Amino acid sequence: MVWISRMCYRKYGNFVDNLRLYVRGGSGGMGLPRLGGQGGKGGDVWVVAQKEITLKRVKDKYPQKRFIAGVGTNSSVRALRGQKGEDREVLAPPGITVTNDDGKVLGELNTEGDRVLVARGGRGGSYHSEFLPSKGQTRQIRLDLKLIADLGLVGFPNAGKSSLLTALSHAKPQIASYAFTTLRPEIGKVMYEDHKQISVADLPGLIEGAHMNRGMGHQFLKHVERTRQLLFVVDVCGFQLASKTPFRSAFEAVQLLIKELELYKEDLPCKPAVLVVNKMDLPDAEDKLTELQEQLLNPHEFSHLLPEDMVPKNNMVFRHVVPISAATGFGIAHLKTCIRQSLDEDASMATESLHRDKLQALRGAVPATNTLTWGPTP
């Protein structure tokens, strides 16, 4: 038996996936000229990963969004070396990329306990500075949440991603026969009989031009970056976003999804992926599935169906192509098995690679055996 619990960020109110903060390191302390005393260094500001925290909580708890570290103490007769100012920590959830206003990446928080220094404290006054302290570093920083999940659902609006997660979890998210029903990321957790848990992120639907930030563009694509594998979901009968947009077959939808990922970040389509072909309960679904499978075997032969600039550079090979009907439950059990197999395969490969690296490191640490070199016999 496999069961799924559902965790949704909505329980914290409006979903917050980025936050801009003002941070300032503490000023250093004054030196003592007549005795050569050195002032204490100002405190630093750090961003620290903690699991229980969300950006929404940070925003609510610190509405002014200002974090300032402590000032270093002055040098005195009793203490010629002043004490360092108190550091300030900004708690944030794992899965955060920290950048400055110019977009430069200062660091990433991938697991609980990771730390990123965002503002250094000023130096204490000393002989070299004529005993005058310096001010702490001042910055505007951005905390950008990119969800970490085992699987990220990738698909155009109305492909059935929310319906699929509902079929897996028996939850009741907003589902309708129109685009953009999912506006905030949601995560479902799958637990297997051996207590293995797999997290699946249901993300806002992608549209053509997402790499240029159309629709929910970058809000969607940045979360895809931080999933271990991708779960493509397409309507077997194809889809049309609006009356003024072209109809896309299932094959075209797959290719356009690959291209949007590729244009946003070239290595995204290199992630391991499973293709879910949804709505197999519709008329002629079997014929359309057969057609799709043939097209996926030779995608270059059908590239003329797409605009030239939207043909992916490289073919993407899916580990599994799984036909399902989220509405009737057809194929769901098989899909769960395929998901588990794909993730277990990656885990096994990662373990083997780690063992090889450790063995190589051990071999490198062992000194070579001394050998005797015999000269020619006189």
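Residues numbered from 1 in each chain as written. Predicted model: local features only at pLDDT ≥ 70, side-chain atom pairs only at ≥ 80, totals over all residues. Heavy atoms only, no water.

Examining the overall build of the protein
Line of reasoning, step 1. What the protein contains, in helices and strands, is six helices and 15 strands.
Line of reasoning, step 2. Put simply, the protein has 378 residues, and 46% of those count as buried.
Line of reasoning, step 3. A total of about 20500 Å² of accessible surface is found on the protein, and carbon and sulfur atoms cover 51% of it. (Helix = DSSP H or I, 4+ residues; strand = E, 2+ residues; numbered from the N terminus. Buried < 20%, exposed > 50% of the residue type's maximum accessible area, 1.4 Å probe, protein only. Areas by Shrake-Rupley, 256 points an atom, 1.4 Å probe, with all protein chains shown as cover.)

Looking at the sheet that holds strand S2 (residues 18–24)
Line of reasoning, step 1. Strand order in this open sheet of five strands is S4-S2-S9-S6-S7, and the pairing throughout is mixed. Only two strands of the sheet have a single partner each, and these edge strands are strand S4 (66–68) and strand S7 (105–109). This sheet shows a mean twist of 25° between the axes of neighbouring strands, independent of strand direction.
Line of reasoning, step 2. Both strand S6 (residues 96–100) and strand S9 (residues 138–145) contribute to a ladder of five bridges, which runs antiparallel. Counted as the bridge partner of Thr 97 is Asp 144 from S9. (Pairing = 2+ DSSP bridges. Axes fitted to C-alpha atoms, helices over the stretch in contact; angles between N-to-C directions.)

Here's the deal with the sheet that holds strand S8 (residues 115–119)
Line of reasoning, step 1. If you trace the three strands from one edge of the open sheet to the other, you get S5-S3-S8, paired in mixed fashion. Each end of this open sheet is capped by a strand with a single partner; those strands are strand S5 (88–92) and S8. Along the sheet, successive strands turn relative to each other by an average axial angle of 30°, direction set aside.
Line of reasoning, step 2. Note: strand S3 (residues 45–49) against S8, four bridges, orientation antiparallel. Across the sheet, the residue bridging to Val 47 is Val 116, located in S8.

Brief notes about empty space enclosed by the protein
Line of reasoning, step 1. Summed over all chains, the structure comprises three cavities of 30 Å³ or more.
Line of reasoning, step 2. By volume, the largest cavity is sized at about 80 Å³.
Line of reasoning, step 3. Lining the largest cavity are Phe 251, Gln 255, Pro 299, His 300, Phe 302, Ser 303, Leu 306, Val 311, Pro 312, Asn 314 and Asn 315.
Line of reasoning, step 4. Its residues placed into classes, the lining of the largest cavity shows six nonpolar, five polar and no charged.
Line of reasoning, step 5. In this model, the second largest cavity occupies a volume close to 50 Å³.
Line of reasoning, step 6. Lining the second largest cavity, in full, are Phe 156, Pro 157, Ala 159, Val 233, Val 234, Asp 235, Gly 238, Phe 239, Arg 248, Ser 249 and Ala 253.
Line of reasoning, step 7. Classifying every residue of the lining of the second largest cavity by side-chain character gives seven nonpolar, two polar and two charged. (1 Å grid on protein atoms, 1.4 Å probe; cavity = no way out; pocket = protein on both sides within 12 Å on 5 of 7 lines; lining within 4 Å. Points joined across faces, edges and corners; volume = space filled by probe spheres on them. Nonpolar A, V, L, I, M, F, W, Y, C, P; charged D, E, K, R; others polar.)

Side note on the side chain of Thr 227
Line of reasoning, step 1. Within the element layout of this structure, Thr 227 appears in strand S13 (residues 227–235).
Line of reasoning, step 2. Its relative accessible area of 2% is what places Thr 227 among the buried residues.
Line of reasoning, step 3. With sequence-adjacent residues up to four places away left out, Thr 227 is seen in contact with Leu 147, Ala 149, Asp 150, Leu 151, Gly 152 and Lys 271. (Contact = heavy atoms within 4.5 Å.)

Thoughts on a nonpolar patch on the surface
Line of reasoning, step 1. Residues Leu 35, Val 77 and Leu 80 make up a contiguous nonpolar surface patch of about 250 Å² in total accessible area.
Line of reasoning, step 2. Looking at the element boundaries, Leu 35 is found in the loop between S2 and S3. (Patch = residues over 30% accessible without salt bridge, like charges linked within 9 Å, V, L, I, M, F, W, Y side chains within 5 Å. Salt bridge = Lys/Arg side-chain N within 4 Å of Asp/Glu carboxyl O.)

Re the side chain of Lys 259
Line of reasoning, step 1. Here Lys 259 lies in helix H4 (residues 250–264).
Line of reasoning, step 2. Lys 259 sits in the buried class, given a relative accessible area of 5%.
Line of reasoning, step 3. A polar side-chain atom of Lys 259 sits 3.0 Å from a polar atom in the side chain of Glu 262.
Line of reasoning, step 4. Setting aside its immediate chain neighbours within four residues, Lys 259 contacts Asp 309, Met 310, Val 311, Pro 312 and Lys 313. (Polar contact = N/O pair within 3.5 Å; in protein donor to acceptor, adjacent residues only side chain to side chain.)

Some thoughts on the environment of Glu 266
Line of reasoning, step 1. If you trace the backbone, Glu 266 turns up in the loop between H4 and strand S14 (273–278).
Line of reasoning, step 2. In this structure the C-alpha to C-alpha distance between Glu 266 and Lys 313, which are 47 residues apart in sequence, comes to 9.5 Å.

As for the packing of H4 against helix H5 (residues 285–297)
Line of reasoning, step 1. Between H4 and H5, the least distance of the axes is 9 Å, while the angle of their chain directions is 40°. As judged from the angle between their axes, H4 and H5 are oblique. In this structure, H4 contributes Ala 250, Phe 251 and Val 254 to the contact, and H5 contributes Leu 292, Gln 295 and Leu 296.
Line of reasoning, step 2. Of the residues assigned to the contact of H4 with H5, the class counts are five nonpolar, one polar and no charged. (Parallel < 35°, antiparallel > 145°, perpendicular 65-115°, else oblique.)

Side note on the pattern of salt bridges
When their charged atoms lie close together, side chains carrying opposite charge are able to pair.
Line of reasoning, step 1. In this structure the tally under the stated criterion is 16 salt bridges.
Line of reasoning, step 2. We note a salt bridge from Asp 101 to Arg 142, for which the minimum N-O separation is 3.4 Å. Linking Asp 101 in the loop between S6 and S7 with Arg 142 in strand S9, this pair joins segments that are 41 residues apart in sequence.
Line of reasoning, step 3. Using a relative accessible area of 36% as the deciding quantity, one classes Asp 101 as partly exposed.

Focus: the nonpolar core
Line of reasoning, step 1. If you look at the biggest cluster of nonpolar residues, it comprises 30 residues, and the most contacted ones within it are Leu 230, Phe 232, Val 234, Leu 275 and Val 277.
Line of reasoning, step 2. Where this core is concerned, the elements lending two or more residues are helix H3 (217–224), S13, H4, S14 and H5.
Line of reasoning, step 3. For this core, the element with the highest residue contribution is H4, accounting for eight residues.
Line of reasoning, step 4. Leaving out residues up to four positions away in the same chain, Phe 232 has contacts with Val 154, Val 254, Leu 257, Ile 258, Leu 261, Ala 273, Val 274, Leu 275, Val 276, Met 316 and Phe 318.
Line of reasoning, step 5. Judged by nonpolar contacts, the second largest core, of 27 residues, contains Val 16, Val 47, Ile 53 and Ala 149. (Core = buried A, V, L, I, M, F, W, Y, C linked by side-chain atoms within 4.5 Å.)

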